Amino acid sequence: SVYLCCLRNNRIINFTTNVSVNMEEPERKRKKLDSSEEPASQSVIVSFVNTGGEDLGYEVSMTKADTKATLDTVINKALKNAEFRPYSFYIGQIEITESLKEALKKTSYKSENVVRIQYRPEAVFEVRPLTRATSTIESNLGEILCLSFSPDGQILGTGSGDTTVQLWDTTTETPIAKCEGHKGWVLCAAWSPDGSFLASGGMDSTIIVWEKDGKERGRLKGHSKWVISLSWEPQHLSAQCVRLASSSKDCTVRIWNVGHMKVETVISVHTDTVSKVLWGGSGLLYSGSHDRSVKVWNDKGKLVKSLEGHAHLSLIHICRCRRYAVCRSRWSPYH
C-alpha cells in the first residue's frame, strides 16, 4: 500500500491505494546504462594523419560501425584524388581491417578523445596504360621471340624465329651485329651480370655465348631438347660471372661454367618440361616445371625444397623479390 495525497479545491485529500511497483525494473535499466557495451552506431571524432604525422586540417565525425571501405571513401574524397586509391589505416599500431569498433576495442580509447587514424597508401607506384611507343626499331628479321638488355642498358639483344641473334645500340637505335649460329628458333637470351657476354638458347638444344661485339665465344651442348630458359649467377656471389643455369624441354636443369665451356651439374629430378630457371640472390637456384612444382636447389645441384601447390596448369614464370620467389602458372606452348 502506498499513501498518497493531493490538493483539490484548496483542500488536501489523503487516501491510500494498492499499487504494484516493480523495483527491479529501474535497477535493470541502470545496469544497462552502466554496461560497457556501447552501440556500434555511436559517433566518434576522427583526425586523419599521413605517415609524416601531418593532419588534414580538420576533424571528421564518423560512427564506430564504419568499415575500412568507408574510410577509403572518406580519405579519397578528403585528398581529392582524381582516381580511387586504396589505403591502409592504423590507430597507433593497430590496423583497421574490419570496423572502427573492433579496432578501438584493442586500444585505450575514451569517448571524449579524438581518434587519430594514420592512412598509408597501399599502392606506391601508379600504373598507367601504354598509349604510344617512344620509338620503334625496325628490323628485317623474323618474329622476335625473346630479348634482353645489357646491365648498363646500352645494348639490346634479341632472339628471332629466323635463328639469329641481333645486337642493337639503344642510344642510336641501330644494329651492332647480327649473330648467326643457331639452327632453330632462338627462345631465350640472357646477359651476364658484368655485361661481357650474351647467352642464347633455342630449339636446336644448343646454348651459344656471344661477346659484346657479336663474336661467338663458345657453345654449350648437352640438352637433348629445346633450351627454354637461362639465368646467370648474380655478380655479388661470383665476380667472375662464369656460371650459367639453363632449363629445357628435356626435363633437366644444367649448371655450366662458361669460362671452361663445360657442364658442372645436371639436375634431372623434374618429370616434365622445365619452363623457367632463376638464380636467386642468396645463392639458391629456382626451377619451375610443367610437373606443377617449383624446386629449390643449392649451387651444387642438391635439392633444398620442393614447392607443390599448383593444381593443373603449367608453370612458366618465376620472379624473385629479395628473399622470396613468386611463381605464376598458365598454359605454355612449349609443352
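Not measured: the values here are computed from a predicted model. (Residues numbered from 1 in each chain as written. Predicted model: local features only at pLDDT ≥ 70, side-chain atom pairs only at ≥ 80, totals over all residues. Heavy atoms only, no water.)

A. A look at the overall build of the protein chain. Looking only at helices and strands, one finds three helices and 25 strands in the protein chain. Counting the 335 residues in the protein chain, one finds 38% classified as buried. Intrachain contacts of the protein chain at a sequence separation of at least 6 include 41% that bridge at least 24 residues. (Helix = DSSP H or I, 4+ residues; strand = E, 2+ residues; numbered from the N terminus. Buried < 20%, exposed > 50% of the residue type's maximum accessible area, 1.4 Å probe, protein only. Contact = heavy atoms within 4.5 Å.)

B. Expanded view of helix α2 (residues 68-79). Taking 1.5 Å per residue as the helical rise, α2 with its twelve residues ought to reach 16 Å, and the 16 Å between its terminal C-alpha atoms agrees with that figure. Turning to α2, its buried residues number three or more, namely K68, L71, D72, I75 and N76. One side of α2 holds all its buried residues, which, seen down the axis, span an arc of 130 degrees. If you follow the buried residues of α2, they end up packed against β3 (43-49), β4 (60-63), β5 (87-91) and β7 (115-121). (Expected span 1.5 Å × (residues − 1). Arc of directions from axis to C-beta.)

C. Region of interest: the environment of F149. Of note, F149 is situated in strand β8 (residues 144-149). Expressed as a C-alpha distance, the spacing of F149 and T170, which sit 21 residues apart in the sequence, is 9.1 Å. Those residues in contact with F149 that sit more than four places away from it in its chain are I155, L156, T170 and W191.

D. Representation of the sheet that holds strand β16 (residues 227-232). Judged by pairing direction, the sheet is antiparallel, and its four strands sit side by side in the order β16-β17-β18-β19 without closing on themselves. Only two strands of the sheet have a single partner each, and these edge strands are β16 and β19 (262-267). Ignoring which end each strand starts from, the neighbouring axes of this sheet average 25 degrees apart. Looking at chain direction, strand β18 (residues 253-257) and β19 are connected through five bridges and run antiparallel. From the neighbouring strand, R254 faces β19, where its bridge partner is V266. (Pairing = 2+ DSSP bridges. Axes fitted to C-alpha atoms, helices over the stretch in contact; angles between N-to-C directions.)

E. Representation of the state of the cysteines in the model. The tally for this structure, following the rule as stated, stands at zero disulfides. Free of any disulfide, C188 has its nearest cysteine sulfur in C146, 6.3 Å distant. (Disulfide = S-S within 2.5 Å.)

F. Highlighting the side chain of D72. Relative to the assigned elements, D72 resides in helix α2. Of note is the side chain of D72, whose polar atom sits 3.0 Å from the backbone nitrogen of Y87. (Polar contact = N/O pair within 3.5 Å; in protein donor to acceptor, adjacent residues only side chain to side chain.)

G. Main features of the confidence of the model for the protein chain. Taken over all residues, the pLDDT of the protein chain has a mean of 81, while the share at 70 or more is 78%. Low confidence marks residues 1-8, where pLDDT is under 50. Its contacts with residues over four positions away, or in another chain, come to 20 contacts. Overall, residues 321-335 carries pLDDT values under 50, and its contacts beyond four positions in sequence, including any with other chains, amount to 37 contacts. (pLDDT = per-residue confidence, 0-100.)

H. The arrangement of the pattern of salt bridges in detail. Overall, the coordinates contain eight salt bridges when judged by the stated rule. For R243, the salt bridge is made with D299, and the minimal N-O distance between the two is 3.7 Å. With a gap of 56 residues between them, R243 in strand β17 (residues 243-248) and D299 in the loop between β22 (293-297) and β23 (303-308) connect regions that are remote in the sequence. Counted as one network, the salt bridges with shared partners bring together E233, R243, E264 and D299. (Salt bridge = Lys/Arg side-chain N within 4 Å of Asp/Glu carboxyl O.)

I. Examining the nonpolar core more closely. Core analysis: the largest hydrophobic core is formed by 17 residues, its most contacted members being F48, M62, F89, I91, I96 and I117. Listed by contribution, the elements that provide at least two residues to this core are β3, β4, α2, β5, α3 (100-104) and β7. The contacts of F89, once residues within four sequence positions are left out, are F48, K68, L71, D72, I75, I94, E95, I96, I117, Q118 and Y119. Ranked by size, the runner-up nonpolar core spans 13 residues in total, among them I207, V209, V227 and W256. (Core = buried A, V, L, I, M, F, W, Y, C linked by side-chain atoms within 4.5 Å.)

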